[in-house]
Structures are given as C-alpha cells and as structure tokens.
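Architecture and fold: a report
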Amino acid sequence: MKRLAAFISGPLGAIVLIVVLMSLAMLVAGTNPVDGFSALILGSLGGRNQIGETLVATTALLFPALGICLAFRAGLFNIGAEGQLLVGGMFAGAVGAAITMPPFPAIVLMLVLGAVGGGLWGAIAGWMKAKLRANEIISTLMLNFVAQYITLYLVDGPLKNPAATGAETAWLVPSYWLPTLIPHTRLSIGLLIAVALAVLLQFVFTRTVFGYELRAAGEAPEAARRSGINLGRLTWLTLAISGAFAGLGGATIVTGELHRFNTQLSPGYGFIAIAVALVGDLDPLKVCIASFAFGILEAGGLAMQASAQVPKDAIHVIEGLIILVLAARRYVAQRSERIEGAPVA
Amino acid sequence: MTGLVLTLLWLTLVKSTPIIYAALGGVISERSGVINIGLEGMMAAGAFGAVVASYYIAHGIVGALTGLIVGIASGAVVGYVLALAATKFKVDQIVAGVGINLICSGGAAYGLVLIFNQPGASRQVNGLGNNGESALVALAFLVAFALYWLLYRTPWGLRVRATGENPLAVKSAGLDPLRFRMIAVTLSGALAGLGGAFLSIGELNLYSDGMTAGRGFIALAAVIFGRWTPLGATGAAIVFGLFEALQYALEGRFAWLPADALSALPYVAALVVLAGITGRVRAPAADGVPY
Amino acid sequence: MTPALQLRGIRKRFPGIVAVDDVDLELYAGEIHALVGENGAGKSTLAAIAFGELRPDAGSVSATGSVGLVHQHFELVGRLRVWQNVLLGREPRDGWRIDVGAARKRVASLAAANNLAIEPDAFVDELPIGIQQRVELLRELEREPAVLLLDEPTSALAPAEIDAFFATVVALAQRGTAVLIVTHKLQEVISYSARVSVMRHGKIVAAMPTKETSVDEIARAMVGGALPQIAAREQTTQQPCLAVHDLRAGAAEGGVSGIDLETRSGEIVGIAGVEGNGQTALADAIAGMIPYRGSVAFAGQRNLAVIPQDRHLEGLVLNFSVVENAVLGRQHRPGIQRGALLDYARARSDARTIVERFDVRAPSVDVKVRTLSGGNQQKLVVGRALIDRPRFVLAYNPTRGVDVGATALVQSRLVEARNGGAAILLISFDLDEILSLADRILVMYRGKIAGSFDRANVDRAAIGRLMAGSQ
C-alpha cells in the first residue's frame, strides 16, 4: 500500500495515470489507443516539421509559464497570462506594421514593446491589488476578457489590414521576422530567448536580493513585511514583470510565426501555461521540460485530430486532469510519509 | 421610450439570472471556506448537460425539463469533484478551480464533436420556452431568499458559516467541518449548473463553445461586491446584468460605439466594482484555507 | 472508586519523535489534577488523546462520561455571537429554524449557574481575551462533561481573572467533575490541585498528592535535574538610547494612548502587563510597523533589532532554510547585499555563527526551519536579532513556548547584550521573566503606563494590582 502510494506520487506514476486517462478519452471517442498514441507521437516528434511544431508550442507556453512561475512564487495568482499575451502581441503587431527602420532595431523594438504591453496589463492588476487590495485572481481573469475584446476591436477597426478579409493587422515585412532556428520549419529563435529567460529567472530566484524577497513574500507575507520588504511595491512589480513575460511571448509569436497580429494568436496558451508552471513545480528549469511535454500534447493533439479523429479539445480535458492529478499527488505523498500535522507540544 | 426602458429592464433580469445563480453558488461555497474559481466550468457543465439531455429525450417540454435537472446534476457532479479536491485531497483551491475549468470547457467542446458530430455548437434542442425562461428568472430570486434563510436561520447555515470562519471551532463542537464543505461546494455546483442550464435551454436552445463567457468569474466579483451575502450578491449580479443588457441595448444605436468595445463593458464594470470596494470588505476568515 | 477517565499504556509518535511514551493516567470525579511539564514534554498531545482529538498508536482511553477540552488557543468563531459559539452543533430548534430566544435563555442561565458574567448576544471578537475564555469554557460546560481538560487555561489572564477562573473550576469539581489542568505555572498547581503528574520527554516521571510536594520539587522533576542559571548582570554605564513621547497608536481597544518611556544603553526595561493591554501596538509602533502619533526618537543613529512575539508568523519563513532565515530582515545590509545580489556565502557563515553561539540544534544549516523544534526556532530568531550588535533590542515575549534550557540561554544572551551596552525593551506576559531580567519595570494597563518600579524597590503584589487595573 505504501509502495503504491509512493509510486502514484512519483513522476512515473503521474505519467502512467495520465496515459491511462488519455487512453480512456480515446476509447470514448472510438479510437484505438495504440493508433491514438502513435498519431500523437508521430505528429509531435515524427520528423523535422513535427518537432518544429512541438517546439513552436513549447516556446509559446514557456514565456507565459515563466511569468506565472514568478507570480505564483510571490504568492500572487496571475490567471491573466492569456490577456497579457494578447496585449503584448497586439503592441508588437501594431508597431511592426507601422515602422520603417533597419531590421535588428525593429525586431528589438517589437519585442520590447510586446513586453511593455503585457507588463502594463499585468501592472493594472498589480496596482489594483497593491493600492486597492482587489483580489488579483478575479481582476486578472476580467482583464483577459477586456484584452480579448479591445484587441478584437482594434484589429477590426483602427489597426485593421484593409487588404485582409479577417480581422488582423497588416503583415510584417519579411525582414522584420525573427530568424528561423530550424530551417524549413516555423520555429524561430524565440525558443532560445525563452530558455535564456528561464535561466535568468532561476538566477534571480537563487542569487539576487529581489528573488529572495519575492520568495519570502510568497512563503510568509507577514514575516516578509516585518523584514522591511515593501509588499505593495513588490506586488505590482511582480505582476508587471509576470505580465511582461507573457507579453514578450505574444510578441515572439507575432514576429516569429504569425508575422501579423490577430486574436487567434493563442488557443489558450495563457491558461495551459498555468498547468505547465505547476507541473514544473514553479522551478524555471523544470518548467522548460514541462513546456516541452505540453508542446508534445499541443502539436500531437492537432495531428491526432487529423489522423485518429480524436478532437483536439480532448487534450484540454487531459491538461485539466493533469493539474488535478499532480496537485492531489502531493497529498498522497504526504500521507505516505504519515505527516499528520499535529503539533508536538 | 417606455418601451425601451421596459425592454432594458426585462433584458437586465434575463442577463442577471445566470449570474445570480452562479453568485449564489459562490456565496455558499465561500461561506463554507472554499473559493470556487470553478464556477465557470460548472456553468459550462450545466449548460452542456442540459442540452445533451434535452437532445436525447427529445419530447418537447419533457426533454427540456429533464435537461434542466440534468444540467443541475452536471454542475453538482463537478462541484462534488472540486469539493473532494479541496477537502479530502487538500489541493490548492485556486489550482483545482483552474483545472476544473479546463476540463469542463474542453470536455464540452469534445462532447460536441462526439455527440453532435460538429465542433463549435450543438444542434438545436427543445428549450424551456418563454414561460420556462420567465419562471427561471423568478426562481432566481426565490432561491436567493431561500439561501438567505438557510444560512442565517437554520442550524445547518450557522454551522456552514462557522466552518468558513474557523473549522477548528466546528471540530471542537463535535462536528465534521469537511462534511459541511463537501455539501456546500456540491450545492454551489448545482446552482452554477442551474445558471448554465438557463443559458443553454432557458434563454436559447443550444450549447455553443464559450457560451458562459466568463459569467462564472463575474459571479465571483458579485460575491465580493455583495459582501458574501445571498441578497447582496443577487443585487451585485443585477448590476452586472444591467451592463450586459446595456451592451445589447446600445449595440448598433450609435455608430461611434463599436460592438466589440461594448462587449467588454460587463468585465470593465466588474473590474471597476472590484477596485472600488474590496479594500472595505472582509471575506470569511477561513476562505480559501484548506482544513 | 472507578476513575472518570483512565488512560493506559498510551503511546503516540510523530515523525522523528515519540511524543507520548507509555503513559498511564487516572482522573477521579471531584478532583483537580495538574499535569505539568516543559514545552515539548507531551502534555498537550496527551490532552488531545484524552479528548479523542488524536488517536494513540497504542494504549486505551476509557471515560465514564463525555470529555470536554478548553484549548490554549481558543477555538471560537470571532464573527459569531456568544450564544452561537456556545451552542454550535446543539442549537435549540423551532421546526427547521434555530429557536433564538431559547438559545439566549439557555446560555444566560448556564452562565448564571456558573457565576460567569457574559452577554449572550455579544460578538466574540469584540470581547476581551478573559471573557472569550469564559465563552470557550461555557461551550464545554454546556455539554455537562464528566471530565474537563484545561490546556494552559490561565496563560492570557490577569491575576484577578485567574482567581475568578479557579473559583469557577473549583466549584465545578465540587459538583463532581473530574478536572485536568495542563499548565506550567507551578504556583497554580500548588494552590488549586489535589494531585500532580509531571511529564518529561513523553513519560510521566513523577506523580504525587500536591500537599506532599513543593514548587521546587516539581520544577526539578520537570527539567530532570538542577535548574540552569542565567548570566550575571554587570555594572554598566547608562546613556539615553531610545525615547518614546506621547505615543498614540492602534485601535481604541488594544491600542496605546499617551505612552512616555525612555530606555538607556546597558539597561533592560521590562514592560509588565496582561496580554491585550496595548503591548502589541507599542511594539509595532516602535518597530515602525504601524502608523502612530507622538514621537519615537533615537539618540544617535537608528539601529534596532526586533524579536517579534510570534516567531512562526512574524519572525521566520518556515519553508526557508536556516541559512535563508539567518539574513531575513538583514538582506539590505552592506556585506549581505552586493549590488543586486545576495551574498549566500556570507548568509551561510552568519547562520553558522548563530547556530554555534546560540546553540541552535539543527542537523545542518540547510534544513528548513519548519523541521526545528520551537526552542531552536526561537534561538535562531534571537540570535539573528543580536548578531549585528544592535544598540536597541525590542524583545517581545522572547521565551514564550520554549523549554527551560532554551529560556535560560535566551535570557542569558539578552543580559549579555545589556552588559555589552545595548538598550533592551523587554515586553513579556510572564511576570517572573520581567522580575528576573529587568533593571526597571513599567506596568501597562489599557494602553497606558500604570506605574513604574526600580529593580531595587520592586513590589510583586503592587505590580499584580496595577496589571489588573486597581490602584
């Protein structure tokens, strides 16, 4: 029994459980799990193109997941990465379509403004939390919807590309596109930027005073306040930086893969990134691995839909289940250690 | 002019109704000490479950009524899952809620393909019709008063409120606080499911992806705005319903008011309300704290 | 006579420790039994097992009737009324509803029968601590328990309230209830109990009729030998350090109004008083944690360290390591902060210094402080406060909830800091601690200084009266 609990609570147990759940989902859809999984694996890792698509999804998830990681470590539930991603992408797309300058500064400008856009969107929730004590969970959720409608309005109105039928900005000139990382795929060097950011974040957490104060505030806010940490400033700053990460992610998608902005930029990356951050134990380096795993699900899910007739939405069910299973597994782990939380006094 | 006002008034009530149900669900859940981010997903489950049941029964109003019951039950089942996660498995309530929302919205989208063989929206099914819609609007207010009575007049309500404030005190009184949380959160899911069913077979007669459109989240803002009381949350839900109704009433009337920007109105209203009041209200002391 | 409560061969282990080790205990109707021991000796665990809150790993519990427990930290719902708290789970009904009239009446008559003045409709969080305890007591009495367990019942009460409390308890015992008092206040044991059992390291090491023993004998049994000595006070030259003038801070209830006090280097000023008389507001205002009016002025450079009253909530990050906690509150000091970076090597060497000088027993400086015992956590907090040789130390209940050994060490280090020229403001709810450490004693009552005494002319009885609000 104890061994079973230890197994279920381990990473291998979680994987087995998830595979079983996915098989069930496939059976419900009338697909042989063997066919389903081979479609998933082939579709995500079966060739250069497939690996490219997996890494594209990895990149798109990694930016917001790192931002969420930062906020959660500070004890702030930023559920607004989706909106921050959209606003960042919109900033990048709008400025990219408007400017004329040499490629390098242009790309840098788009990325920086993407981060600024996402950062501003996060800072709104941060300011509301720090100054008005407004619950950040609800404010970031609301800001997702506001971002969605405002960006839709802008690309359907003032920023609309008159040449396009749909609601989108004008295309970027090819020299403004982020360089491709693997030739003949859609993968840009955005992946490298994201990984570098993860390393930087890990450094901030483990080596800097800011990272120390942020972690202290997340673990024990009152002790942190008494140690001289300005919690209000830390709150808005953290949510702004967290939003900037997502915004930079949006800008990377615009300059790296989409080459224009529209509101279909993200099929829910900002929400799935929450799962990614949690699966990665809020540890930046583990979050990189978790992003890759979810990238496989995202890219493979599309392939599965095409070849094995398993709707892609099933993947979201699986991702939700992963969140629940992993969160519950900590409980199982604790139970097997027989920590009952009773005080010894 | 009177016509416009009456239309707006009715539209406000209709648009408020699903938010009222979900907000009442939020009140009972948070009063027991569980923050219910999963309201959104429970609404989706209720909306989808109602449509599926009505589709299979397919006997006019009988199907629609069965749909209503199945909608409530679907929400309750999802509520039960959150309750289990938050009590037995001591999962972080926010994290569990986020997971539940993904499962429900994804599950409904998956279900559309499996059952109706078409993505995006279900086929049309038998709805409750205009009378059914009106009855559910009225019922929302009845439920609000019933919940008020339950929370403030009955022993069970006192125990639920005590659990949300200090579960240890409930334990010292020889009662099991987790039981109250289980029941309260399951009930919360049932109410959110009812709100969802109103959306799909009350107002309309189909389910479409994203039809809950953040109403579960707006309901959470209404809970805070209403200071965690059933009647306060109902009032707050009506305010948000008014903004949604305004959006429809104003749409197309003024060229300079674009539809997409108007769609953001209820969410902006929720943000403004949240910014305006939260510093001055106090949540149940053990809200969000696992026991 | 059959015991009202009988514990046999009780054993309970927690990860890494045997909290209760093969204990037998019998309580008889009409008798007050005292259970004493150091923090961590297993008293509260044993009480929780007797109450049925914890399940023992081995052994049996049998009682002739119901068992009630009054917790050390009251388990009440602050935002509910007194009657709602007392009758929670046993509400009188009128159909589906609560019969509010009957409920009020029942609580009022119960309070009258036990000689406890209490307003059934008051909200609990608006009541003083002493009255809150009556609510908790009433809740247990309502169930007419055959056995009543009281866990450190007087730790938050003023001397006068303690007398009233014991009058109630003695009357209860005379009516046939078996009472177990878990405490570390030996004077109360001698005054009120019929039998006393002493616990150490999870075992009962002594059990005797109270009239055959003495405070000294019980104390020696508790620590298992001679009592540790604290450092000797030395002659110091005193200069003004921190002066507080006309300080007003905090809410009307529990705040301070018009406090004047002065501390000098090389001196310990003790603030005596019952919990809830403005001590927290005074400490928070001096530490700059809450807004205040009036002045808090340093002679010279501001240089203070705080030993906060609640080490778990205010002093430590429990999920941080000893190393990380060693620099909490010091993270901006030159030498620890280097540019944007935190010098973890320095933090580690500071942690080692604290661990050595303050005898913090930890398997390594990299373990989470959550895993340390309360005494070791407190030694870490005190060591961190003193490591930078502050000119002023604010010590708020620096030995609350720690064992005798740790208490002696902390008190010695405070005296040494004083000898070395630090000004120390010692706020403590433990009058004995103040009497043994302070050069001067100020008594706080209802947010004001009610009186002051020099070490040379302390009058324990007079201090006790001032603490209770009489002249």
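Because the structure is a prediction, the values reported are computed rather than measured. (Residues numbered from 1 in each chain as written. Chains lettered and ligands numbered in written order. Predicted model: local features only at pLDDT ≥ 70, side-chain atom pairs only at ≥ 80, totals over all residues.)

**Overview of the overall build of chain A**
In plain terms, the rule: Secondary structure counts use DSSP, requiring at least four H or I residues in a row for a helix and at least two E residues in a row for a strand, with both numbered from the N terminus. Atoms considered for the radius of gyration are the C-alpha atoms alone. The globule rule reads 2.2 Å times the number of residues to the power 0.38. Burial is judged by counting other C-beta atoms within 10 Å of a residue's own C-beta: 20 or more means buried, 12 or fewer means exposed, and anything between counts as partly exposed, with every C-beta placed from the backbone. Once C-beta atoms are placed from the backbone, any two residues with those atoms within 7 Å are in contact.
Tallying secondary structure elements over chain A gives 14 helices and 0 strands in all. Ordered by position in the sequence, the α and β elements of chain A form the string α-α-α-α-α-α-α-α-α-α-α-α-α-α. Radius of gyration (C-alpha) of chain A: 21 Å, near the 20 Å computed for a compact globule of 345 residues. Along the longest, intermediate and shortest principal axes, the C-alpha atoms of chain A span 70 × 60 × 30 Å. Counting the 345 residues in chain A, one finds 59% classified as buried. At a minimum sequence separation of 6, the contacts of chain A that also span at least 24 residues come to 78%.

**Here's the deal with the overall build of chain C**
Helix and strand counts for chain C stand at 15 helices and 22 strands. Against the compact-globule benchmark of 23 Å for 471 residues, chain C has a radius of gyration of 24 Å, which places it among compact chains. The proportion of buried residues among the 471 residues of chain C is 48%. Counting contacts in chain C only where the partners sit at least 6 residues apart, residues at least 24 apart contribute 70% of the total.

**A look at the environment of F37 of chain A**
Considering the arrangement of structural elements, one finds F37 of chain A in helix α3 (residues 33–45). For F37 of chain A and S23 of chain A, which are 14 residues apart along the polypeptide, the C-alpha to C-alpha distance reads 8.2 Å.

**Comments concerning the interface of chain C and chain A**
Filter applied, for reference: Note on residue classes: Ala, Val, Leu, Ile, Met, Phe, Trp, Tyr, Cys and Pro are nonpolar, Asp, Glu, Lys and Arg are charged, and everything else, Gly too, is polar.
On the side of chain A, 20 residues touch chain C, which itself brings 27 residues to the contact. Elements with a contribution of two residues or more to the side of chain C that touches chain A: β2 (17–27), α1 (43–51), α9 (311–315) and β18 (341–342) of chain C. No other element matches the 3 residues that α9 of chain C contributes to the side of chain C that touches chain A. Class assignment for the residues of the side of chain C that touches chain A results in 16 nonpolar, 10 polar and 1 charged.

**Focus: unusual backbone geometry**
Residue N117 of chain B is not a glycine yet carries a positive backbone phi of 55°. You can see N117 of chain B is positioned in the loop between α4 (93–116) and α5 (129–153). Here the phi dihedral of D359 of chain C falls at roughly 55°; this positive angle occurs in a residue that is not glycine. The topology assignment puts D359 of chain C in the loop between α11 (344–357) and α12 (374–386).

**So, the nonpolar core**
The tendency in soluble globular proteins is for nonpolar side chains to be buried as a group. The criterion, for reference: Remark: nonpolar core denotes a set of buried Ala, Val, Leu, Ile, Met, Phe, Trp, Tyr and Cys residues whose joining runs through C-beta atoms within 7 Å.
If you look at the biggest cluster of nonpolar residues, it comprises 371 residues, and the most contacted ones within it are V276 of chain A, A23, L24 and A222 of chain B together with V393, L394 and L426 of chain C. Aside from chain neighbours lying at most four places away, what touches V276 of chain A is L61, A65, V287, A290, S291 and F294 of chain A.

**Some points on the interface of chain B and chain A**
Contacts between the two partners involve 39 residues from chain B, matched on the other side by 37 residues from chain A. Put simply, the parts of the chain that give the side of chain B that touches chain A at least two residues each are α4, α9 (215–225), α11 (259–263) and α12 (265–277) of chain B. Among the residues forming the side of chain B that touches chain A, the class breakdown is 28 nonpolar, 8 polar and 3 charged.

**Thoughts on the confidence of the model for chain C**
What counts is decided by this rule: pLDDT is a residue-level measure of predictor confidence that goes from 0 to 100.
Averaged over all residues, the pLDDT of chain C is 90; the fraction at 70 or higher stands at 99%. The ipTM for the predicted assembly is 0.89, set against a pTM of 0.89.

**Focus on the pairing of strand β22 (residues 448–454) of chain C**
All names here are of chain C. Short version of the rule: Here, strands pair whenever DSSP counts at least two bridges between them.
Bridging between strand β21 (residues 440–445) and β22 involves 6 bridges; their strand directions are antiparallel. Looking at the pairing, I441 lines up with F453 of β22. Hairpin connection of β21 to β22: 2 residues between the antiparallel strands, including R446 at a positive phi of 50°.

**A short note on the sheet that holds strand β8 (residues 147–151) of chain C**
Residue and element names in this part refer to chain C. The line we're drawing: Only C-alpha atoms enter the line fits that serve as axes; for helices the fit covers just the stretch in contact. Angles between N-to-C directions range over 0 to 180 degrees.
With respect to topology, 6 strands assemble into an open sheet ordered β5-β8-β9-β3-β10-β11, the strand pairing being mixed. Single-partner strands in this sheet number two, and they are β5 (67–70) and β11 (203–209). Between one strand axis and the next, the sheet turns through 20° on average, direction left out of account. Direction of pairing for β5 relative to β8: parallel, over a ladder of 4 bridges. Residue V70 lies in a different strand from β8, and its bridge partner there is L150. Contacting β3 (32–37), β5, β8, β9 (178–183) and β10 (195–200), α1 runs over the sheet at an angle of about 150° to β8.

**Description of the packing of α5 of chain B against helix α10 (residues 230–250) of chain B**
Residue and element names in this part refer to chain B. The test is simple: Each angle gets one of four labels, with under 35 degrees taken as roughly parallel, over 145 as roughly antiparallel, 65 to 115 as roughly perpendicular, and the rest as oblique.
The geometry of α5 relative to α10 is characterised by a closest axis approach of 8 Å and an angle of 155° between their N-to-C directions. It follows that α5 is roughly antiparallel to α10 by the angle criterion. Taken together, the residues of α10 that come into contact with α5 (itself represented by A144, L147, Y148 and L151) are P230, L231 and T234. Considered class by class, the residues forming the contact of α5 with α10 number 6 nonpolar, 1 polar and no charged.

**Quick word on the pairing of strand β20 (residues 423–427) of chain C**
Residue and element names in this part refer to chain C. Buried residues dominate β20, accounting for 5 of its 5 residues. Here 5 bridges tie strand β14 (residues 267–272) to β20, and the two strands are oriented parallel to one another. Its bridge partner lying in β20, V269 is registered against L425. In terms of strand pairing, strand β19 (residues 392–396) meets β20 through 5 bridges, oriented parallel.

**What about the sheet that holds strand β12 (residues 240–249) of chain C?**
All names here are of chain C. In space, the 3 strands of this open sheet follow the order β13-β12-β15, with antiparallel pairing throughout. Edge positions in the open sheet fall to β13 (256–264) and β15 (292–298), since each of these has one partner strand only. The mean inter-strand angle of the sheet, taken between neighbouring strand axes irrespective of direction, is 0°. Of the pairings in the sheet, the one linking β12 to β15 comprises 6 bridges and is antiparallel in character. Pairing of L242 across the sheet is with F298, part of β15. Across the sheet, helix α8 (residues 279–286) touches β12, β13 and β15, and the angle it forms with β12 is around 120°.

**Side note on the confidence of the model for chain A**
Put simply, chain A has an average pLDDT of 88, and 92% of its residues get 70 or more. Across residues 336–345 of chain A, confidence stays below pLDDT 50; counting only partners more than four residues off in sequence or on other chains, it has 19 contacts.

**Topic: helix α12 (residues 269–279) of chain A**
Residues and elements named next belong to chain A. In terms of burial, α12 is largely enclosed, as 11 of its 11 residues are buried. Among all positions in α12, only Y269, G270, F271, I272, A273, I274, A275, V276, A277, L278 and V279 are buried. Once α12 finishes, D281 follows within two positions and takes phi at roughly 55°, a positive value.

**Remarks on the packing of helix α2 (residues 39–57) of chain B against helix α8 (residues 177–203) of chain B**
Two packed helices can be described by the angle between their axes and the distance between those axes. Residue and element names in this part refer to chain B. We count it as follows: By the definition used in this description, the sense in which the near helix is turned from the far one sets the handedness, with an anticlockwise turn below a right angle giving left-handed and a clockwise turn giving right-handed.
Taken N-terminus to C-terminus, the directions of α2 and α8 make an angle of 55°; their axes are 6 Å apart at the nearest point. On the basis of the axis angle, α2 is oblique to α8. Seen along the crossing, α2 lies across α8 with a hand that is right-handed. Counted together, L39, M42, M43, A44, A45, G46, A47, G49, A50, V51 and S54 of α2 and G189, A192, G193, L194, G195, G196, A197, L199, S200 and I201 of α8 form the full contact between these two elements. Class assignment for the residues of the contact of α2 with α8 results in 13 nonpolar, 8 polar and no charged.

**Notes on α1 of chain C**
The element α1 of chain C is largely enclosed, with a buried count of 9 among its 9 residues. G52 of chain C sits one or two positions beyond α1 of chain C and adopts a positive phi of about 95°.

**Side note on the environment of E324 of chain C**
Residues and elements named next belong to chain C. Of note, E324 is situated in helix α10 (residues 322–326). Owing to 25 C-beta atoms within 10 Å, E324 belongs among the buried residues under this scheme. Those residues in contact with E324, other than ones at most four positions away along the chain, are V317 and A347.

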